[in-house]
There are 2 protein chains.
Amino acid sequence: MGTNVKQQAYTVVKNGTIVTPRGFAAGGLHCGLKKTSRNDIGAIRCEVPATAAAVYTTNVFQAAPLKVTRESLSNGRLQAVVVNSGNANACTGQQGEKDAYAMRSAAARELGVAEEDVAVASTGVIGELLKMDAVHSGISALPASLGQDANEAEQFSQAILTTDLVKKEACVSVVVNGKTVTIAGAAKGSGMIHPNMATMLAFMTSDAVIGAEALQRLLRQATNHTFNMITVDGDTSTNDMLVAMSSGLAGNEELTVEHPDWEAFAAGFTYVCEVLAKAIARDGEGATKLVEVHVTGGVSDESAQAIAKTVIGSSLVKSAMFGADANWGRIIAAVGRAGQPVNPDTVDIRLGDISVLAQSRPVAFDEEAALAYLQTDTVRIVVDLHHGEGTATAWGCDLTYDYVRINAAYRT
Amino acid sequence: MGTNVKQQAYTVVKNGTIVTPRGFAAGGLHCGLKKTSRNDIGAIRCEVPATAAAVYTTNVFQAAPLKVTRESLSNGRLQAVVVNSGNANACTGQQGEKDAYAMRSAAARELGVAEEDVAVASTGVIGELLKMDAVHSGISALPASLGQDANEAEQFSQAILTTDLVKKEACVSVVVNGKTVTIAGAAKGSGMIHPNMATMLAFMTSDAVIGAEALQRLLRQATNHTFNMITVDGDTSTNDMLVAMSSGLAGNEELTVEHPDWEAFAAGFTYVCEVLAKAIARDGEGATKLVEVHVTGGVSDESAQAIAKTVIGSSLVKSAMFGADANWGRIIAAVGRAGQPVNPDTVDIRLGDISVLAQSRPVAFDEEAALAYLQTDTVRIVVDLHHGEGTATAWGCDLTYDYVRINAAYRT
């Protein structure tokens, strides 16, 4: 999926945002949760109750907002999302839960929607209670900040960032039985976890007519090939959450897996996920480049996924990519410890188009050309196992001095 | 095991080496495989055929010497080990296998032992053929270098090092039905893998009378609690090997698991493994300190092991330890993603004696005291899950600028 889908199935909407799909307004502002004057609270509101789906962190320690959002989503419907940055409301016990419920009811009241149609998300410091005064004053000011222009979407995108250096957005359109359907998303995250500041959050909007179950299935499937295939440091936040809402205002025939345009819609949806996921990997803490690992010839797609993730997660591979060092020994060693079926005599490795290992034996290659390629800002490592039909792609970033610097004294 | 065994079961032999147990001679010299003048070939020889056991890397890509050593060990007996550093003889195909066999037969001839009683080990650059001229001249000179003094053991210990900063040795004695039995070991390794230079190798000697099966079982059990509980960067070499030889010259009644002194012998054996394993972790590439993670209250020892290894392997935890940052959020997040049964409401975390989390809620602690503790050269993280009786200890090191520097341009 993702890189393999036909580009013509969907059209990239340049400068599209989460308010491009029909029915959505968004906004954000500063209420006092971050020490700087950057935005720290935001909301998305739909004109109508939207079909909704979500995926959550697999971490055993789940922050309070996840509990509240799961409860709201139990009917497959949402009309608004409220999200704060600066405080994760995690490891905050019963008071934390009360505060997450209070955020939900305040947002419902101010945005004029039903309480059970509001999702809550938080990202930031762990183990501290939310300053509810700031949260309440922020939520009171939210309705006036909401709008359907790019500027207002920008304010929302800024409100969800923590250590991120850039905002992450994507938008495509797809034709579904003659109607134009739009899908968009905004995300944040620059490490898989930063337990004091951060998390991965993503919000997707669409105007397609689609059932909640179909949306949930598609979301999970697209996540498995995109957000679940990135790693910055192998850690997993207590607050990760991806929420998708579809307003149905495009007026298409309801999308199901049997619909003739399902594949096009799924491709566009997955593309948005992939753009956001890659943007998170590229913006990894301290990263200087995006690293893509493409594995082919595995015994299955799942096996190829496990190998791709082991290679992209290897600290030695990541350090070598930082140093633009064509060190294939680290790549093959990671392949060999992934716990997957591999024929030790049939592995090819390429860095971009440069072959460095063929049939598990070293290839004499042009070191200068390899150095020049590895110094670019996007590096592709291709591993062909010649052992089956399974393929997978994973994304990550290099391991740099700045990663260590950022994380050596995060709380101070 | 390890830290939990009664100290009085065995006696630490200060300045003991692999030639302290009766029957062993060792030596090492420079033959031209390393670019510097440091020793790069060495051997251990036993007066008599010794009971022997080994464990090997789980990596799919196994270097040629491992194949040869497995073959030699099929009869549970060894009389000599020959080991070179500077070249791993890995990813070298059929010629690599021929060279490993040639190393074995040359060593057998020069040391006057049977070919099938010689183990071969290599560590160093991957994907390059061994310079066999240098290897042969080195092996020819080995007999004259062998001896039973500390100096000759030192020459061996130096011969197996690559990026290691210090040599790693340990020795204990145990009384077995009135006879003094001695157990010793020497190891190398400063990353779990450095595919161009390095690997973890360990060689243990003993003079106990013990059967090959009992020795193999003990070696595997001790390894699971020591060498398999360390991580520097989560990577696994193609060349890892741990070989144990026992000469039987102590003249004790044969040790079996039913022997009344078995527990004492096993404790001493495990202690030697633990000292070597911790020395490898402390000497991790770029490390400034040893980090020990002790988990109690898991549903089983295996579950506690998985959690301890996830915490010690977390780049975020390792970075925080480098920065002496009492960042318990990173520790609990790693606990939560280990895929093990955990009650999210009952976890305690201590840094040394300083409680930072109790029943999964933050504890107000003295930041200055925590900083002072985390700046020492040995840091202990204690996680009590209050969820069962399982315990485990894992060791690792901090993630530093120097780790990135060393690994960003390893080949150059």
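A quick note: this is a predicted structure, and the numbers were derived from the prediction, not measured.

Residue and element names in this part refer to chain A. On domain assignment, one finds that chain A holds domain 1 (2–282) and domain 2 (290–408). The distance between the C-alpha centroids of domain 1 and domain 2 comes to 32 Å. With 14 residues of domain 1 at the interface, the matching set in domain 2 holds 17 residues. Interface of domain 1 and domain 2: buried area, both sides summed, is about 1,400 Å²; carbon and sulfur atoms make up 55% of it. Together, Met229, Thr231 and Arg282 form the three largest contributors to the area buried by domain 1 at its contact with domain 2, with a combined 43%. Arg282 is the salt-bridge partner of Asp377, the closest N and O atoms lying 3.9 Å from each other. Where domain 1 touches domain 2, the interface holds five residue pairs in polar contact (both at pLDDT 80 or more). Counting residues per element, the ones that place at least two in the side of domain 1 that touches domain 2 are helix H5 (212–225) and helix H6 (262–282). Here the side of domain 1 that touches domain 2 gets four residues from one element, more than from any other, and that element is H6. Of the residues contributing to the side of domain 1 that touches domain 2, the split by class is four nonpolar, six polar and four charged.

A few words now on the interface of chain A and chain B. Taken together, the 56 residues of chain A in the interface contact 56 residues of chain B. When the two sides are added together, the surface that chain A and chain B hide from each other amounts to roughly 4,500 Å², 59% of it contributed by carbon and sulfur. Inspection of the chain A/chain B interface yields zero salt bridges. Between the two partners, chain A and chain B, sit four residue pairs in polar contact (both at pLDDT 80 or more). Elements represented by at least two residues in the side of chain A that touches chain B include exactly helix H8 (315–322), helix H9 (328–336), strand E13 (361–362) and helix H11 (401–408) of chain A. Considering each element in turn, the side of chain A that touches chain B owes the most residues, eight residues, to H9(A).

A word on the sheet that holds strand E12 (residues 354–358) of chain B. Residue and element names in this part refer to chain B. Read across the sheet, six strands follow the order E13-E12-E11-E14-E10-E15 without closing on themselves; strand pairing throughout is mixed. Only two strands of the sheet have a single partner each, and these edge strands are strand E13 (361–362) and strand E15 (390–397). Of the strand pairs in this sheet, strand E10 (residues 290–298) and strand E14 (residues 378–384) are connected by seven bridges, and their pairing is parallel. From the neighbouring strand, Val295 faces E14, where its bridge partner is Val383. Contacts from helix H9 (residues 328–336) reach strand E11 (348–351), E12, E13 and E14 within the one sheet, and its direction differs from that of E11 by about 130°.

Reading the values: the criteria
Residues numbered from 1 in each chain as written. Chains lettered and ligands numbered in written order. Predicted model: local features only at pLDDT ≥ 70, side-chain atom pairs only at ≥ 80, totals over all residues. Heavy atoms only, no water. Domains from an automatic or database assignment. Contact = heavy atoms within 4.5 Å. Buried area = accessible area lost by both parts, 1.4 Å probe. Salt bridge = Lys/Arg side-chain N within 4 Å of Asp/Glu carboxyl O. Polar contact = N/O pair within 3.5 Å; in protein donor to acceptor, adjacent residues only side chain to side chain. Helix = DSSP H or I, 4+ residues; strand = E, 2+ residues; numbered from the N terminus. Nonpolar A, V, L, I, M, F, W, Y, C, P; charged D, E, K, R; others polar. Pairing = 2+ DSSP bridges. Axes fitted to C-alpha atoms, helices over the stretch in contact; angles between N-to-C directions.

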